[in-house]
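Listed here are the chains, written in short residue letters.
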Amino acid sequence: MGRRWLPDRPRPKLVSLRTTFAVSFAAVTAAVTILVGIMSYNSAARLVRVDQQSVFTQVVQDVRGEVRQHTMGPEDFSSSRPGHDLVRPARTDVQVLGAQGQIIDHGSPVLPVTSRDRAMALARTAGEVVEHKDVRVDADLFRIATVSLGNGRGAVQVAQEFSDTEDLLRALQQRTLILMAAVVVAAGLFGWWLARRITRRLVILTSAAEDVARTRQLGIQVPVAGLDEVGRLGRAFDRMLGRLAQSEEDQRRLVQDAGHELRTPLTSLRTNISLLRRIDELPPATREDLVADLSQEARELTDLVNELVDLAAGQSDSEPPQRVDLADLAEDVVGLARRRTGREIVLHTSGDTTTDGRPGMLQRAISNLVENAAKFDRDGKAPIEIGIMGPARPGTVRVEVRDRGPGIAEGDLVRIFDRFYRAADARSLPGSGLGLSIVREVAMAHGGAPFAFRREGGGAVIGFTVGGGIVPGGGSGT
């Protein structure tokens, strides 16, 4: 079957963090403002309506109490009678009906009279009430209650206007909506300003990261400051770029140095291999020397490659850290070195020699120190001494190897831990110049440092300290 052509899916449009933050801030503010506005308006409207209803109910109850306690006629509630305003509070209208339900003293405005109101005028019992809600009079709404005077003497109509209250509540509602809209707009503008202020450093950091991805230049300085999470992120990113730049430089230097160091044994191997073509023409003694040279060069090349692999692989960073007793590791190194070199090796320990570290890396560093001492003190009669000392600070251990060899020149003390560096009087000896470099990497990976100095009475003291925990990526060498 032929392959069907599928149209490319449109890439999703990227939304900036600044826009997301501003919109989210405005949305949350709008939701809170609307909720608070609605609740506030409803509470205010309910309180106003309940208050108005309470006033009206109280007026009606006062009228009922008066007509039940005293025998009263329509004339007692006439607007021309003194004291009538006791039952006519503000925004309350009173209209008096006669015995037949006719209007004797009209209200202002005149209230409508229904058959139920006339029935109250003819009622025999004083204080009976009939209520009318939402009665429209002219352009206003009223709540009306008709109270009977008893014995067919008439009735009193009490009305309360609430259209003004509703107008007031509508005005309050409009003002609340305007205020909520203003708050939402202000929240959006403030959210945009705040998002711009907060994300400004993130934008700078993003631009720096994009520049690194585009140019592959790791030396870009990240101009991010502050003590908050963004500042910490900027400083961490800056340190990461520094580590990557250093790692890239170390890798480049390692490749260059490795190429330089490998060139010599490979050239010698090619020369000896070319002589193998004429091996039948060579005397037996020359043949033996040729085979011995090839074997020695192969061993040196193997050692060099192994050390390069160890150095480039970061000294087995995958090995899990654990509690390590350096005295135990040194005992293993002593036994192995005695068998290899036939030299007398003495181990001295003092204090607490345990620390947190990677056993394989630490044992390799101690072994490199012993091999270095044995190589430079090849014909020595005095024993090689290993000192493992734990000082007062917990977890910090000092490892040193002492020999009675020719010692180290003052000019070489600061360089013996450099990769492939070999002193002038050591270039004729076997080795790659990586042993002490690995010691330095191990020490730095364990929060310590290497050291070297001339020993009194001749010889050298070379060692390292460990402590302070495993340094992530420390001493990787690449």
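Scroll up to find the structure.
Residues numbered from 1 in each chain as written. Predicted model: local features only at pLDDT ≥ 70, side-chain atom pairs only at ≥ 80, totals over all residues. Heavy atoms only, no water.

(A) Quick peek at the sheet that holds strand S5 (residues 155-161). Taken together, the five strands give an open sheet; going across it, the order is S2-S1-S5-S4-S3, and neighbouring strands pair in antiparallel fashion. Two strands close off the open sheet at either side, each with one partner strand: strand S2 (103-105) and strand S3 (129-137). Shown here is a sheet whose adjacent strand axes are inclined to one another by a mean of 30°, direction ignored. Examined bridge by bridge, strand S4 (residues 140-148) and S5 share seven bridges and lie antiparallel to one another. In the sheet register, threonine 146 faces S5, and the bridge partner there is glutamine 157. (Pairing = 2+ DSSP bridges. Helix = DSSP H or I, 4+ residues; strand = E, 2+ residues; numbered from the N terminus. Axes fitted to C-alpha atoms, helices over the stretch in contact; angles between N-to-C directions.)

(B) Highlighting unusual backbone geometry. In the segment running from serine 108 into proline 109, the intervening peptide bond is cis, with an omega of 5°. Along the polypeptide, proline 109 turns up in the loop between S2 and helix H2 (115-121). A positive phi angle, near 55°, is found at asparagine 151, a position not held by glycine. Checked against the element boundaries, asparagine 151 lands in the loop between S4 and S5. Since its relative accessible area comes to 44%, asparagine 151 is described here as partly exposed. (Buried < 20%, exposed > 50% of the residue type's maximum accessible area, 1.4 Å probe, protein only.)

(C) Here's a closer look at the pairing of S4. The buried count for S4 comes to seven of nine residues, which makes it a mostly enclosed element. Judged from the seven bridges that link them, S3 and S4 form a sheet pairing that is antiparallel. Bridging from a neighbouring strand, glutamate 131 pairs with alanine 145 of S4. Where S3 hands over to S4, the hairpin turn is made up of two residues, of which aspartate 138 adopts a positive phi near 55°. In sequence, S4 turns back onto S5 through a hairpin of six residues, with glycine 150 there showing a positive phi of about 90°.

(D) Region of interest: the packing of helix H6 (residues 326-341) against helix H7 (residues 359-376). Running from N to C, H6 and H7 point in directions that differ by 40°, and their axes come no closer than 9 Å. By the angle between their directions, the pair H6 and H7 is classed as oblique. Note on packing geometry: the crossing formed by H6 with H7 is right-handed. Across the interface between the two elements, Leu326, Leu329, Ala330, Asp332, Val333, Ala337, Arg340 and Thr341 from H6 touch Pro359, Leu362, Gln363, Ile366, Ser367, Val370, Glu371 and Ala374 from H7. (Parallel < 35°, antiparallel > 145°, perpendicular 65-115°, else oblique. Left-handed = near helix turned anticlockwise from the far one by under 90°. Contact = heavy atoms within 4.5 Å.)

(E) Local environment of the sheet that holds strand S9 (residues 384-389). Taken in spatial order, the five strands of this open sheet run S7-S9-S10-S12-S11, and their pairing is mixed. Both edges of this open sheet fall to strand S7 (345-350) and strand S11 (450-454), since each of them pairs with a single strand only. Across the sheet, the axes of successive neighbouring strands diverge by a mean angle of 15°, strand direction being ignored. The pairing of strand S10 (residues 397-403) with strand S12 (residues 460-466) spans seven bridges and is classified as antiparallel. Its bridge partner lying in S12, valine 399 is registered against phenylalanine 464. Each of S7, S9, S10 and S12 touches H6; the most contacted strand, S7, lies at about 175° to it. Packed on one face of the sheet, helix H8 (residues 435-445) meets S11 and S12 and runs near 30° to S12.

(F) The pattern of salt bridges, seen in detail. In the structure shown here, the tally under the stated rule is six salt bridges. For the salt bridge of arginine 323 with aspartate 356, the shortest nitrogen-to-oxygen distance reads 3.1 Å. Of this pair, arginine 323 sits in strand S6 (residues 322-325) while aspartate 356 sits in strand S8 (residues 354-357), placing them 33 residues apart in sequence. By relative accessible area, aspartate 356 is classed as partly exposed at 39%. The salt bridge involving arginine 398 is made with glutamate 400; its shortest N-O contact spans 3.1 Å. Judged by relative accessible area, which is 29%, arginine 398 ranks as partly exposed. Bridged by salt links that share partners, the residues Glu385, Arg398, Glu400, Arg402 and Arg455 form one connected network. (Salt bridge = Lys/Arg side-chain N within 4 Å of Asp/Glu carboxyl O.)

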